[in-house]
Amino acid sequence: MRSKIVAGNWKMNKNLEETEILLNELAAKLPDTQAEVMVAPTFVNLTGAVRALESSVIEVIAQNMHFAESGAYTGEISADMLLNIDIDTVILGHSERRAYFGETDEILAKKVATALNKDMRVMFCFGEELNDRKSENHFKVVESQLKNALFSLDGSAWKNIILAYEPVWAIGTGETASPEQAQEMHAFIRKTITEAYDANIADNVSILYGGSVKPANAQDIFGKPDVDGGLIGGASLVADDFVAIISAF
Ligand code: PGA
């Protein structure tokens, strides 16, 4: 079911104490909202975060996971480990995972399959690089990222997919896609899903925008008809900014 979502991707920031402080502040200041609110602290602080948010509607989600069930994968985290601490949503395919940790569409397809088999929800990130946009290949790149990692899934799996379109040139750069650019791409994504599946699946998937969303631009971006919310990096690390972005709905 298509829903409004604002998620904070904390990346490799905040120790345990800082995590608890920020979450307590967020929980206290959370405005009345129809949006689902999620935060993704780093792995070692997930248990603490779940505990800190026990009586809050804010959901704790993971930034990544491995595709294997268990075994000799030093440094990795499995779906079952996340589920065991009450985390059932995972971000997969973030551009930093693709760029710095060699995550390919093929690896991501395996991760998505594992998460869905475990009944987890997947927040799947994708988006073009600056060169792709300059050479007007951005639609083609996005289409192939979706196709390679997601389009072999059964239609029924899509109820557990959230999409996050994040143009790489807008992540952490202060440069945001204009609301029109975001809308244009989100509409293209729905059209692509309609062609691969059907209009019902395309209409029901939540598509978030990510890339330098701030209190100042959130309302204009979220106001576009095919934008269902945001995946927020930098601005999610400051309670007042994140709360202002949530309020933008
Ligand atoms: P940013 O990051 O908001 O700092 O640009 C977004 C993201 O990487 O998800």
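Now for a look at the structure at hand. None of the values given here were measured: they were computed from a predicted structure. (Residues numbered from 1 in each chain as written. Predicted model: local features only at pLDDT ≥ 70, side-chain atom pairs only at ≥ 80, totals over all residues. Heavy atoms only, no water.)

With that settled, consider the overall build of the protein chain. Secondary structure summary: the protein chain contains eleven helices and eight strands in total. Projecting the C-alpha coordinates of the protein chain onto the three principal axes gives extents of approximately 45 × 45 × 35 Å. For the protein chain, buried positions account for 52% of its 249 residues. Within the protein chain, residue pairs in contact and separated by at least 24 positions form 71% of the contacts whose partners lie at least 6 positions apart. With an accessible surface of roughly 11300 Å², the protein chain has 49% of that area assigned to carbon and sulfur atoms. Distance from the positive charge centre (21 side chains) to the negative charge centre (36 side chains) of the protein chain: 3 Å. (Helix = DSSP H or I, 4+ residues; strand = E, 2+ residues; numbered from the N terminus. Buried < 20%, exposed > 50% of the residue type's maximum accessible area, 1.4 Å probe, protein only. Contact = heavy atoms within 4.5 Å. Areas by Shrake-Rupley, 256 points an atom, 1.4 Å probe, with all protein chains shown as cover. Lys, Arg positive; Asp, Glu negative; His and termini not counted. Charge placed at Lys NZ, Arg CZ, Asp CG, Glu CD.)

Attention shifts here to helix α10 (residues 215–222). Each turn of an α-helix holds 3.6 residues, which means side chains three or four residues apart point in the same direction. By the burial criterion, the buried members of α10 are N217, A218, I221 and F222. Buried residues of α10, viewed axially, fall in a sector of 125°; they line one side. Facing away from the buried side of α10, by more than 90 degrees, are the exposed residues A216, Q219 and D220. Packed against the buried residues of α10 are β1 (5–9), α8 (179–196), β7 (206–210), β8 (229–232) and α11 (239–247). (Arc of directions from axis to C-beta.)

It is worth spelling out the pairing of β8 at this point. Every second residue of β8 is oriented toward a common face, with G229 and L231 on one face and G230 and I232 on the other, all of them buried. Pairing of β7 with β8 involves two bridges; the strand directions are parallel. If you follow Y209 over to β8, its bridge partner there is G230. (Pairing = 2+ DSSP bridges.)

Let us now look at the packing of aromatic side chains. Within the structure shown, the criterion is met by nine aromatic pairs. Measuring from ring centre to ring centre gives 6.5 Å for Y100 and F101, while their planes differ by 75°; the resulting arrangement is edge-to-face. For F101, a relative accessible area of 52% corresponds to the exposed category. Measuring from ring centre to ring centre gives 6.0 Å for F124 and F126, while their planes differ by 20°; the resulting arrangement is stacked. By the ring-pair criterion, three or more aromatic residues cluster together here, those being F124, F126, Y165 and Y209. Sitting over the ring of F101, R97 keeps its end group 4.1 Å from the ring centre. A cation over an aromatic ring shows up here: K110 above the ring of F67, its NZ or CZ 4.5 Å from the ring centre. (Phe/Tyr/Trp six-rings, centres within 6.5 Å; stacked < 30°, edge-to-face > 60°. Lys NZ or Arg CZ within 6 Å of the ring centre and 35° of its normal.)

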